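Here is what each chain is made of, one letter per residue.
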Amino acid sequence: MPDQTERTATLDTRPLTDAVDRRALRAYRTTLPGDVRPPLIGAIWPAVVLGAAPLFLLGVWWFVLEDGTIPDGPADWSLLILLPYVALPIGMVVLLLRTLRGRSGIRQYRLDRFARANGLDYRPIAVSPPLPGMIFTMGGTSTVRDLVSRGGRSPLSVGNHRTITGSGRNRKQQDWGYVALRLPVALPHIVLDAVGNNSLLHPRLPVTYANDQRLSLEGDFDRYFRLYCPRGYETDALYLFTPDIMARFIDTVAALDVEIVDDHLFLYSPKELSTLDPEVWTWVLSVVDVLTQRIAQWERWRDRRMGDVSAAGWGASPVIRPPRGVAKQGRRLLQRTGWWWVIGLLLAIYGWYLIIGDAVRAISGG
């Protein structure tokens, strides 16, 4: 088996940076779906409307200020009110240029050629796949852009995932770059929360887990990751995360959050992972190579809670071994309950109680 260095050296990243064949690009653009390359009129008319509105308002202000004359006094700060009307059309031009650039199809064309050159499949946009990872189960409307994948014995997918929940003022958008690896066997639900990408107050992950499920590992591992595993599965986590596995995770994915759930391993990044940057692709696929080699030993893991099953062997002696799979209590981590809304509700009720009490006393003269 070739080592990781040899496999990484065979990665062809030239399509990501080579000059684009304009004739081939025009032909490729016709294959892009409307969600990726919307009609031109849909990109132009909002910019035209928003650009014309400030011009109309500027005309109104022209006649309001000194009957059509602009004051000569250098200290007349009232003219500052005109700045937004000048800046808005400029912003609309920038927005229009960005929209037209996004419609060019160059990004999708390069990623498609990159995938073909390396025996991978590419889809510019796809419905969020039915995967068990936390970012795929948040509800709302989810899509994946720039999905690069492969099938076979070791399925892999790399994409940029977007989830939109709520509407209006409650609308929330979450973007993640992700790598999904298929494991040889289902494992307990384990999450490695990368310390390096957390904020001061809370982790970057969209889900928080009960603190009594956190497991401290030896060495420097806790400096880079907070490991969560279901209660009662601490020994199993120690079996899976041997010192050499921990060292590999620190060396390769310390900037990423990791989730093991069912028979999948996910890497999550707050930045895009399916990108036009050759260095990112070299890093991502080298990480996949390293992890694929190391986690192969996880295939021997069995959940003792499933019970021993006697299966007839080829010889005279039966084979006694737990079946593949994970017991119910190990399949999902327990999420931490958010109590802030309860506290806020209680404070609101207490506030209304004080207001109503004061009003009653004022009316009764008490």
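Our structure is the block above this text.
Residues numbered from 1 in each chain as written. Predicted model: local features only at pLDDT ≥ 70, side-chain atom pairs only at ≥ 80, totals over all residues. Heavy atoms only, no water.

Enquirer: I would appreciate a short explanation of the overall build of the protein chain in the present structure.
Expert: The number of helices and strands found in the protein chain is 10 helices and 9 strands. With 366 residues in all, the protein chain has 37% of them scored as buried. Contacts in the protein chain between residues far apart in sequence, at least 24 positions, make up 69% of those at least 6 positions apart. If you sum the accessible surface of the protein chain, you get close to 22,000 Å²; carbon and sulfur atoms cover 60% of it. (Helix = DSSP H or I, 4+ residues; strand = E, 2+ residues; numbered from the N terminus. Buried < 20%, exposed > 50% of the residue type's maximum accessible area, 1.4 Å probe, protein only. Contact = heavy atoms within 4.5 Å. Areas by Shrake-Rupley, 256 points an atom, 1.4 Å probe, with all protein chains shown as cover.)

Enquirer: I keep staring at unusual backbone geometry and nothing clicks. Help me out?
Expert: Positive phi, close to 55 degrees, is recorded for aspartate 146, a residue that is not glycine. Note that aspartate 146 resides in strand β2 (residues 141-150).

Enquirer: Mind showing me how you'd approach the pattern of salt bridges here?
Expert: Any two side chains of opposite charge can pair, given that their charged atoms come close. For the coordinates displayed, the defined rule picks out 16 salt bridges. Across the salt bridge formed by aspartate 193 and arginine 226, the nearest N and O atoms sit 3.6 Å from each other. In this pair, aspartate 193 is assigned in strand β4 (residues 172-194) and arginine 226 in strand β6 (residues 225-228), connecting sequence segments 33 residues apart. Look at aspartate 193 and you get buried, because its relative accessible area is 3%. On the basis of relative accessibility, which here comes to 26%, the residue arginine 226 falls in the partly exposed class. (Salt bridge = Lys/Arg side-chain N within 4 Å of Asp/Glu carboxyl O.)

Enquirer: Teacher, can you tell me more about helix α5 (residues 106-117) here?
Expert: Residues separated by three or four positions in an α-helix point in the same direction, a consequence of the helix having 3.6 residues per turn. Along its 12 residues, α5 runs 16 Å from first to last C-alpha, staying within 8% of the 16 Å computed at 1.5 Å per residue. Residues of α5 that are buried include every one of Gln108, Tyr109, Arg110, Leu111, Asp112, Phe114 and Ala115, and no others. Residues of α5 that are buried sit in contact with α2 (22-29), β1 (121-127), β2 and α9 (278-294). (Expected span 1.5 Å × (residues − 1).)

Enquirer: I would appreciate a short explanation of helix α8 (residues 243-253) in the present structure.
Expert: Within α8 the residues assigned to the buried category are Ile245, Met246, Phe249, Thr252 and Val253. Burial along α8 is one-sided: seen end-on, the buried residues are contained in an arc of 150 degrees. Across α8 from its buried face, at more than 90 degrees, point the exposed residues Pro243 and Asp251. (Arc of directions from axis to C-beta.)

Enquirer: Looking at this model, I keep getting lost on the packing of aromatic side chains. Mind explaining?
Expert: Any pair of aromatic rings gets described here by the distance separating the centres and the angle formed by the planes. Scanning all chains against the criterion turns up 11 aromatic pairs. Between phenylalanine 114 and tryptophan 281, the ring centres sit 4.9 Å apart and the planes meet at 45 degrees, which makes this aromatic pair tilted. Placement of phenylalanine 114 in helix α5 and of tryptophan 281 in helix α9 is noted, with a sequence separation of 167 residues between them. Comparing phenylalanine 114 with tryptophan 281, the two get one shared label, buried. Residues tyrosine 209 and tyrosine 228 carry aromatic rings whose centres are separated by 6.0 Å and whose planes lie at 45 degrees to one another, so their mutual orientation is tilted. Of this pair, tyrosine 209 sits in the loop between β4 and β5 (214-215) while tyrosine 228 sits in strand β6, and the two are 19 residues apart along the sequence. Among the aromatic residues, those joined into a ring-pair cluster are Phe136, Trp176, Tyr178, Phe266 and Tyr268. The ring of tyrosine 233 has arginine 305 lying over it, and the distance from NZ or CZ to the ring centre is 3.7 Å. (Phe/Tyr/Trp six-rings, centres within 6.5 Å; stacked < 30°, edge-to-face > 60°. Lys NZ or Arg CZ within 6 Å of the ring centre and 35° of its normal.)

Enquirer: Explain the packing of α8 against α9 to me, please; I cannot follow it from the model alone.
Expert: Two numbers describe how α8 lies on α9: the axes approach to 10 Å, and their chain directions differ by 175 degrees. On the basis of their axis angle, the class for α8 and α9 is roughly antiparallel. In this structure, α8 contributes Asp244, Ile245, Arg248, Phe249, Thr252 and Val253 to the contact, and α9 contributes Trp283, Val287, Val290, Leu291 and Arg294. Looking at the contact of α8 with α9 residue by residue, the classes come out as 7 nonpolar, 1 polar and 3 charged. (Axes fitted to C-alpha atoms, helices over the stretch in contact; angles between N-to-C directions. Parallel < 35°, antiparallel > 145°, perpendicular 65-115°, else oblique. Nonpolar A, V, L, I, M, F, W, Y, C, P; charged D, E, K, R; others polar.)

Enquirer: Mind showing me how you'd approach the environment of valine 284 here?
Expert: Within the element layout of this structure, valine 284 appears in helix α9. Residue classification places valine 284 among the buried residues on the basis of a relative accessible area of 3%. Taking the C-alpha atoms as reference points, valine 284 and threonine 252, separated by 32 residues in sequence, lie 9.1 Å from one another. Beyond its immediate sequence surroundings of up to four residues, valine 284 is in contact with Val158, Val179 and Leu273.

Enquirer: Got a minute to help me understand the side chain of serine 104 in this structure?
Expert: Mapping serine 104 onto the fold places it in the loop between α4 (83-102) and α5. Note on serine 104: relative accessible area 18%, which makes it buried. Those residues in contact with serine 104 that lie beyond four places of it in its chain are Leu25 and Arg29.

Enquirer: Can you help me understand a nonpolar patch on the surface in this one?
Expert: Side chains of Tyr350, Tyr353 and Leu354 sit close together on the surface and give an oily, nonpolar patch of about 360 Å² of accessible area. Judged by relative accessible area, which is 38%, leucine 354 ranks as partly exposed. (Patch = residues over 30% accessible without salt bridge, like charges linked within 9 Å, V, L, I, M, F, W, Y side chains within 5 Å.)

By themselves, these are just geometric observations and shouldn't be taken as functional.
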